[in-house]
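Remarks on the overall topology
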Amino acid sequence: MTRSSSRRPAVLAIAALAAFLIPSAPADAQYFGQNKVQYNDFDFKVLKTKNFDIYYYPEEEAAVEQAGRLAERWYARFSRLLNHRFGRRQPLILYASHPHFEQTNVLQGFIGEGTGGVTEVLKRRVVMPLAGPLAETDHVLGHELVHAFQFDMTGRGGTTSSSNIPNAVRLPLWFIEGMAEYLSVGPVDPHTAMWMRDASRREKLPTIRQLSDPRYFPYRYGQALWSYVAGRWGDEVVADALRAASRQSDAERILESVTGLDHKELSKQWHQAVRDAYRPIFENKRGAEAFGRLVISEKNAGELNVAPSISPDGSQVVFFSEKDLFSIDLFVADVASGKVRRKLVETASDPHFDSLQFINSAGDWDATGRRFVFGGIRKGKAVLVILDPATGKREREIPFEDLGEITDPTFAPDGQSVAFSAVVGGLTDLFVHDLKSGATRRLTEDAFADLQPAWSPDGRAIAFVTDRFSSRLEGLTVGNYRLAAIDPASGDVRALPSFEEGKNIDPEWSPDGRSLFFISDRTGISNVYRLDVASGAHTQ
């Protein structure tokens, strides 16, 4: 790998044609009325690897070489699997955080926080933020590089232009995005399996022809279909399908050419395989309604209701929702009745915040129930926001110039400090901010993922999620998320008993501090578990 300074920043200022962008996320949550604004100047340099020109700036120095190794690893895999190599070097433009990525002048148009990356059609540049956790960066990078292969393999040769567009852009999203998810995630994915189980249980599995209906999320259903097709006929059908796509843009005919089945018969056999796989689960498992009461749904809020945080007395819940259609806002509701009491933060009529970090973060109540803290983005900078949940009045807004994003803040039991996870230079670490003195301490500083801190009731430990006990950075082997605890005074980290299979996430302490509740998908299905901290015993 060699580095060089970019003497011509204008190279990065050439905008892509927005009509030809393939984002790696669905319809983003848009903040109504916003325009793209550049708050930062980026001094780009170039890291040259065997097949990539990687554009980065000094803030990303610690993470860029890892990204280069990940990119080369994906290229080796895909070029072998698809039996195809690029005829030119692949540009890769990296940003240290999503707020920086949203400011890019490489791409035209507003970039929502749900967009994980973009691969241009005409110039085939991959533009993306470093996602923090190595696993997430690896996934997004792999997904976008699949698009680069799709565009390269379905083009007609020569210079790509508005009159020489790769056939991939004419194919439905379930074909293109589903393939990118299958090749970057693989056939075993608990998240996609959750979607398919639910569709099968409700007898709402779409046919292949119905997959183009916007009601069916193309990433999940497309990944599931490609997993079935490749699992039955072999991964070589993916390469065969892409080569066929260079000659035609009828996705149904392409699948028929590589499987020998028309779309109706393929749909029928796919559906049967899904039903057969999940029937034993339906016979032996109970639904969520058997364990709890539905509090927030589309009947009293929006279709998207996420990141709930329950008050200390259990009477109220704060959550993010698109209840009012135009934006993602912060609401508080009564737990007993489900009635939404008030909107705490509104972004449509008052775009004070660039982002409320609703995708990867939740807020936290203090022990008195009189304050609520959450992370946001304002004018391209990470901020901690403390408000009164009774009125919605913002009491404090604390900016952090050197942090990219703040997620999952948690109050100390005495309410004098807030711990949080933050993205710095494309990596995640834990921090503690003293609300009285204004001092911020960094608790961790490494390339491991450090996420979702939760302060213990006695204040002596912060539980968090990390891959430090399962990943091997030297070989870029990413392990599963496990539980850990850190002493906020000394910074000493110890592993907490976790399952070796699947993820272990979202730790929450019991009021007496003797138990830690968390979510694990060790069986392929996400369920709630309790860890007895003293004995290390788990209970589902």
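Residues numbered from 1 in each chain as written. Predicted model: local features only at pLDDT ≥ 70, side-chain atom pairs only at ≥ 80, totals over all residues. Heavy atoms only, no water.

**Some points on the overall build of the protein chain**
For the protein chain, the count of helices and strands is nine helices and 27 strands. Relative to its length of 540 residues, the protein chain is compact, with a C-alpha radius of gyration of 24 Å against a globular reference of 24 Å. Surface summary for the protein chain: the accessible area is close to 24,200 Å², and the carbon and sulfur share equals 49%. Separation between the mean location of the 63 positive side-chain charges and that of the 70 negative ones in the protein chain comes to 3 Å. (Helix = DSSP H or I, 4+ residues; strand = E, 2+ residues; numbered from the N terminus. Rg over C-alpha atoms; globule rule 2.2 N^0.38 Å. Areas by Shrake-Rupley, 256 points an atom, 1.4 Å probe, with all protein chains shown as cover. Lys, Arg positive; Asp, Glu negative; His and termini not counted. Charge placed at Lys NZ, Arg CZ, Asp CG, Glu CD.)

**Some thoughts on the confidence of the model for the protein chain**
Caution applies to low-pLDDT parts of the model: their predicted coordinates are not meant to be read in detail. With 92% of its residues at a pLDDT of 70 or more, the protein chain has an overall mean of 90. Per-residue pLDDT stays below 50 along residues 2-34; that stretch engages in 94 contacts with residues further than four places along the chain or on separate chains. (pLDDT = per-residue confidence, 0-100. Contact = heavy atoms within 4.5 Å.)

**Concerning the side chain of D366**
Along the chain, the position of D366 falls in the loop between β12 (364-365) and β13 (372-378). Within polar-contact distance, the side chain of D366 engages the side chain of T368 at 2.9 Å. One polar contact links D366 to R371, side chain to side chain, over a distance of 2.9 Å. Those residues in contact with D366 that lie beyond four places of it in its chain are P312, R371 and F411. (Polar contact = N/O pair within 3.5 Å; in protein donor to acceptor, adjacent residues only side chain to side chain.)

**Section: empty space enclosed by the protein**
Counted under the stated rule, the structure contains one cavity of 30 Å³ or more. Each pocket or cavity is described by its volume, and for the largest cavity that value is around 60 Å³. If you go around the largest cavity, the residues you meet are A63, Q66, A67, L70, L130, G132, L134, T137, G426 and L427. When contributions to the lining of the largest cavity are tallied by element, the ones reaching two or more residues are α1 (61-82) and α3 (134-153). Top contributing element to the lining of the largest cavity by residue count: α1, with four residues. Of the residues belonging to the lining of the largest cavity, the class tally is six nonpolar, four polar and no charged. (1 Å grid on protein atoms, 1.4 Å probe; cavity = no way out; pocket = protein on both sides within 12 Å on 5 of 7 lines; lining within 4 Å. Points joined across faces, edges and corners; volume = space filled by probe spheres on them. Nonpolar A, V, L, I, M, F, W, Y, C, P; charged D, E, K, R; others polar.)

**A few points about the packing of α3 against helix α4 (residues 173-185)**
Relative orientation of the contacting elements α3 and α4 amounts to 130°, with a least axis distance of 8 Å. Here α3 lies oblique to α4, going by the angle between them. Considering only the axes of α3 and α4, their crossing is right-handed. Each of H139, G142, H143, V146, H147 and Q150 in α3 lies in contact with α4, whose residues at this interface are I176, E177, M179, A180, E181, L183, S184 and V185. (Axes fitted to C-alpha atoms, helices over the stretch in contact; angles between N-to-C directions. Parallel < 35°, antiparallel > 145°, perpendicular 65-115°, else oblique. Left-handed = near helix turned anticlockwise from the far one by under 90°.)

**Quick notes on α3**
The terminal C-alpha atoms of α3, which comprises 20 residues, lie 28 Å apart, in line with the 28 Å expected from a rise of 1.5 Å per residue. Most of α3 is tucked away: 16 of the 20 residues are buried. (Expected span 1.5 Å × (residues − 1). Buried < 20%, exposed > 50% of the residue type's maximum accessible area, 1.4 Å probe, protein only.)

**Examining the layout of surface pockets**
Of the volumes computed, that of the second largest pocket is approximately 440 Å³. Lining the second largest pocket are 21 residues, and of these P187, A193, M196, S227 and Y278 sit closest to its centre. Counting residues per element, the ones that place at least two in the lining of the second largest pocket are α5 (190-201), α6 (218-233) and α9 (263-284). In terms of residue count, the dominant contributor to the lining of the second largest pocket is α9 (six residues).

**A closer look at the environment of G87**
Mapped onto the elements, G87 comes out in the loop between α1 and β5 (90-95). Separated by 36 residues in sequence, G87 and N51 place their C-alpha atoms 9.9 Å apart.

**Considerations on the nonpolar core**
Membership of the largest hydrophobic core comes to 72 residues, with the highest contact counts inside it found for L92, F175, W226 and V238. Sequence-distant contacts of W226, defined by excluding residues within four places in its chain, comprise W174, F175, G178, M179, Y182, G231, V238, A241 and L255. Of all hydrophobic cores here, the second largest spans 18 residues; its members include I328, L344, V345 and F358. (Core = buried A, V, L, I, M, F, W, Y, C linked by side-chain atoms within 4.5 Å.)

**Here we look at the packing of aromatic side chains**
Taken as a whole and assessed by the stated rule, the structure comprises 28 aromatic pairs. Judged by centre distance (5.2 Å) and plane angle (80°), the rings of F175 and W226 are edge-to-face. Here the residue F175 occupies a position in helix α4, and W226 occupies one in helix α6, the gap between them amounting to 51 residues. Like W226, F175 is buried. For the ring pair W195 and F217, a centre distance of 5.4 Å and an interplane angle of 40° mean the geometry is tilted. Residue W195 is located in helix α5, and its partner F217 is located in the loop between α5 and α6; the two are separated by 22 residues in the primary sequence. We classify W195 as partly exposed; its relative accessible area is 30%. Members of the aromatic cluster, connected to one another through ring pairs, are F52, W74, Y75, F78, F86 and F149. The ring of W74 has R77 lying over it, and the distance from NZ or CZ to the ring centre is 4.9 Å. The side chain of R124 reaches across the aromatic face of F86, ending 4.3 Å from its centre. (Phe/Tyr/Trp six-rings, centres within 6.5 Å; stacked < 30°, edge-to-face > 60°. Lys NZ or Arg CZ within 6 Å of the ring centre and 35° of its normal.)

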